[in-house]
Amino acid sequence: TIHLSFSLVWLLFHILSYRQHIIDLGIDEWKEANPRSLNMLSNPVYKAYLETVIFFSDKELIYNIFLVVCSFLGRYVNFLFNSVNTIDLCMNINILAAVIQSITNSVESVVGTMVLGFCLQYIFVGYGFIMFGHGYGFSDQDTAGCANLMDCLKAHWDYGFRSAPVWPSKKITYLRFTFDYVYNLSIILI
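Since the model is a prediction, treat every value here as computed from it, not as a measurement. (Residues numbered from 1 in each chain as written. Predicted model: local features only at pLDDT ≥ 70, side-chain atom pairs only at ≥ 80, totals over all residues. Heavy atoms only, no water.)

Their axes nearest at 4 Å, the elements helix α5 (residues 94-105) and helix α6 (residues 107-132) cross at an angle of 70°. The orientation of α5 with respect to α6, classified from their angle, is roughly perpendicular. In contact with Ile-103, Thr-104 and Asn-105 of α5, α6 contributes Val-107, Glu-108 and Val-110. Looking at the contact of α5 with α6 residue by residue, the classes come out as three nonpolar, two polar and one charged. (Axes fitted to C-alpha atoms, helices over the stretch in contact; angles between N-to-C directions. Helix = DSSP H or I, 4+ residues; strand = E, 2+ residues; numbered from the N terminus. Parallel < 35°, antiparallel > 145°, perpendicular 65-115°, else oblique. Contact = heavy atoms within 4.5 Å. Nonpolar A, V, L, I, M, F, W, Y, C, P; charged D, E, K, R; others polar.)

A few words now on the confidence of the model for the protein. When pLDDT is averaged along the protein, the result is 84, and 95% of the positions lie at 70 or above. Mean pLDDT per element in the protein: strand β1 (residues 137-138) is the minimum at 71, and helix α3 (residues 59-76) is the maximum at 92. (pLDDT = per-residue confidence, 0-100.)

As a further point, take a negative patch on the surface. A cluster of acidic side chains, namely Asp-24, Asp-28, Glu-29 and Glu-32, defines a negative patch on the protein surface. Residue position: Glu-29 is located in helix α1 (residues 2-33). For Glu-29, a relative accessible area of 54% puts it in the exposed group. (Patch = residues over 30% accessible without salt bridge, like charges linked within 9 Å, V, L, I, M, F, W, Y side chains within 5 Å. Areas by Shrake-Rupley, 256 points an atom, 1.4 Å probe, with all protein chains shown as cover. Salt bridge = Lys/Arg side-chain N within 4 Å of Asp/Glu carboxyl O. Lys, Arg positive; Asp, Glu negative; His and termini not counted. Charge placed at Lys NZ, Arg CZ, Asp CG, Glu CD. Buried < 20%, exposed > 50% of the residue type's maximum accessible area, 1.4 Å probe, protein only.)

Counting residues in each nonpolar core, the largest one holds twelve residues, listed as Leu-4, Leu-11, Ile-22, Ile-23, Ile-27, Trp-30, Leu-41, Leu-50, Ile-54, Phe-55, Leu-61 and Val-68. Broken down by secondary-structure element, the contributors of at least two residues to this core are α1, α2 (44-55) and α3. Sorting elements by how many residues they give to this core places α1 first, with six residues. If we ignore the near neighbours within four places in the chain, the residues touching Trp-30 are Ser-37, Leu-38, Met-40, Leu-41, Tyr-46 and Leu-50. Within the second largest apolar cluster, nine residues are counted, among which are Phe-132, Tyr-136, Tyr-159 and Trp-167. (Core = buried A, V, L, I, M, F, W, Y, C linked by side-chain atoms within 4.5 Å.)

Our next topic: the side chain of Asn-82. Here Asn-82 lies in helix α4 (residues 82-91). Given the relative accessible area of 16%, Asn-82 is considered buried. Contact partners of Asn-82, with chain neighbours within four places excluded, come to His-3, Cys-70, Ser-71 and Gly-74.

Attention now moves to the packing of aromatic side chains. The description of an aromatic ring pair uses the distance of the two centres, along with the angle that the planes make with each other. Under the counting rule described, the total for this entry stands at nine aromatic pairs. Ring centres of Tyr-46 and Tyr-49 lie 6.1 Å apart, and the angle between their planes is 45°; on these two criteria the pair is classed as tilted. In this pair, Tyr-46 and Tyr-49 are both assigned in helix α2, three residues apart and thus about one turn of the helix distant. For Tyr-49, a relative accessible area of 52% translates into the label exposed. Arranged with centres 5.4 Å apart and planes meeting at 75°, the rings of Phe-124 and Phe-179 form a pair that is edge-to-face. Of the two residues, Phe-124 is situated in helix α6 and Phe-179 in helix α8 (residues 174-188); the sequence distance between them amounts to 55 residues. (Phe/Tyr/Trp six-rings, centres within 6.5 Å; stacked < 30°, edge-to-face > 60°.)

This is the structure we're talking about:
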């Protein structure tokens, strides 16, 4: 309720502060673009229509209305709608805005890295499934009992990005050591 109230106050202050300025600028631009139609401004209905269109063409106003709607929905429908306001807050803090900007500027790189990670996981699952004959677990979850390649792949995608393989026996062979070393180097570190 407090957040919704503050959002409404913020919207009202924006309207009170910028409404007349935005309308005056828009009408001046309209006069320059339509010099032969200046007599239309003497019609109060057309002038009110033009002022309304100009007023709602303000992108910041529309954005503030959107934030108020999200705040209302977050209060009365589902709290997750407030995540939009959290992102807005993050955009107003310089360090967090820089982080969000770096992620959004390099979306292709982030998606490419995700695809590379999934491909590497698939390679390791296939190699582990074929070479060791039995599965292995992770520190979060024992997935050693996966019955087929798809089950092992799902477990890898779920647990494999955050922990290294855990073997059912304490015996370390050269093959397991190499597998663990390359897995840690390529999946966990990268």
